[in-house]
Amino acid sequence: MKTLIVGVGGVTNGGKSTLSGHLHQQIPNSCIIKQDSYFKDESMVSVDSNGFQQYDVLEALHMDVMMNDINSWRENPESFLRQRNLNPASSLDDKEVFVLIVDGFLIFNHRALNDLFNKRYFLEIPYEVCKRRRSSRIYTPVDPPGYFDGHVWPMYVKNRQVMEESKVFGIMFLDGLKSKEELLAVVYKDVSQEIERLKM
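Would you mind showing me how to read the sheet that holds strand 4 (residues 119–124) here?
Sheets are built from strands paired through backbone hydrogen bonds, the pairs being either parallel or antiparallel. Strands sit in the order 2-3-1-4-5 across an open sheet of five strands; the sheet is parallel. Where the open sheet ends on each side, the last strands, each with one partner, are strand 2 (30–34) and strand 5 (171–175). Each neighbouring strand pair of the sheet contributes to a mean axis angle of 20 degrees, computed without reference to strand direction. In this structure, strand 4 lies alongside strand 5, joined through five bridges in parallel fashion. Counterpart to Y121 in the pairing with strand 5 is M172. On top of the sheet, helix 7 (residues 180–199) reaches strand 1 (2–10), strand 3 (97–103), strand 4 and strand 5; it is set at about 155 degrees to strand 1, its chief contact.

Below, the structure written as structure tokens:
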């Protein structure tokens, strides 16, 4: 049994979840862990001087719990799938490759997590498109007025700069303005080639 961990990161509303979901549908013995599922309770998230809650930082996430879940998958991916009612392929052998897709906006900023990735993809979209997409979605808690310009976008820029300064290597940057079919085709081909290499 072999394993492959794929990171799908990037800007908020850049298409991470859509790409991850489609990739999961195409790849047997795969599953997704979403960073967004590990946010701390609202009462535990710090507030800045403007009254904006600081959700776009690693400290707002239960990264220890997320890493525990990822390590559980690494220890026994077949059992991990069964526990989540995702049935592994019936004809498993020593060459079978299990794929974990990790979807999140700060996955490449967490050193221990970033070190686990075999493949890294980063979705980018322009400020105007990001702001428009963000405004069309309903969040819990709801974004207060000025939140995007006062917190979300500046933190994206800052977090990306930190990522780049940390010299995270091997990232394939993707244009989030391309169609979901185009994006899936590029990533699926790249991941499939890696799966075939591991089977050799």
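Looking at this model, I keep getting lost on the pattern of salt bridges. Mind explaining?
Across all of its chains, the model carries nine salt bridges by this definition. Several salt bridges converge on common partners, so that one network encompasses E124, R160 and E164.

Teacher, can you tell me more about the nonpolar core here?
Among soluble globular proteins, nonpolar side chains are generally buried collectively. Formed by 41 residues in total, the largest nonpolar core has its most connected members in M66, I70, L100, V102, F108 and L113. Elements supplying a minimum of two residues to this core: strand 2, helix 2 (63–75), helix 3 (77–83), strand 3, helix 5 (127–135) and helix 6 (147–165). Broken down by element, this core gets its largest block of residues, seven residues, from helix 6.

Parameters and conventions
- Residues numbered from 1 in each chain as written.
- Predicted model: local features only at pLDDT ≥ 70, side-chain atom pairs only at ≥ 80, totals over all residues.
- Heavy atoms only, no water.
- Pairing = 2+ DSSP bridges.
- Helix = DSSP H or I, 4+ residues; strand = E, 2+ residues; numbered from the N terminus.
- Axes fitted to C-alpha atoms, helices over the stretch in contact; angles between N-to-C directions.
- Contact = heavy atoms within 4.5 Å.
- Salt bridge = Lys/Arg side-chain N within 4 Å of Asp/Glu carboxyl O.
- Core = buried A, V, L, I, M, F, W, Y, C linked by side-chain atoms within 4.5 Å.
- Buried < 20%, exposed > 50% of the residue type's maximum accessible area, 1.4 Å probe, protein only.

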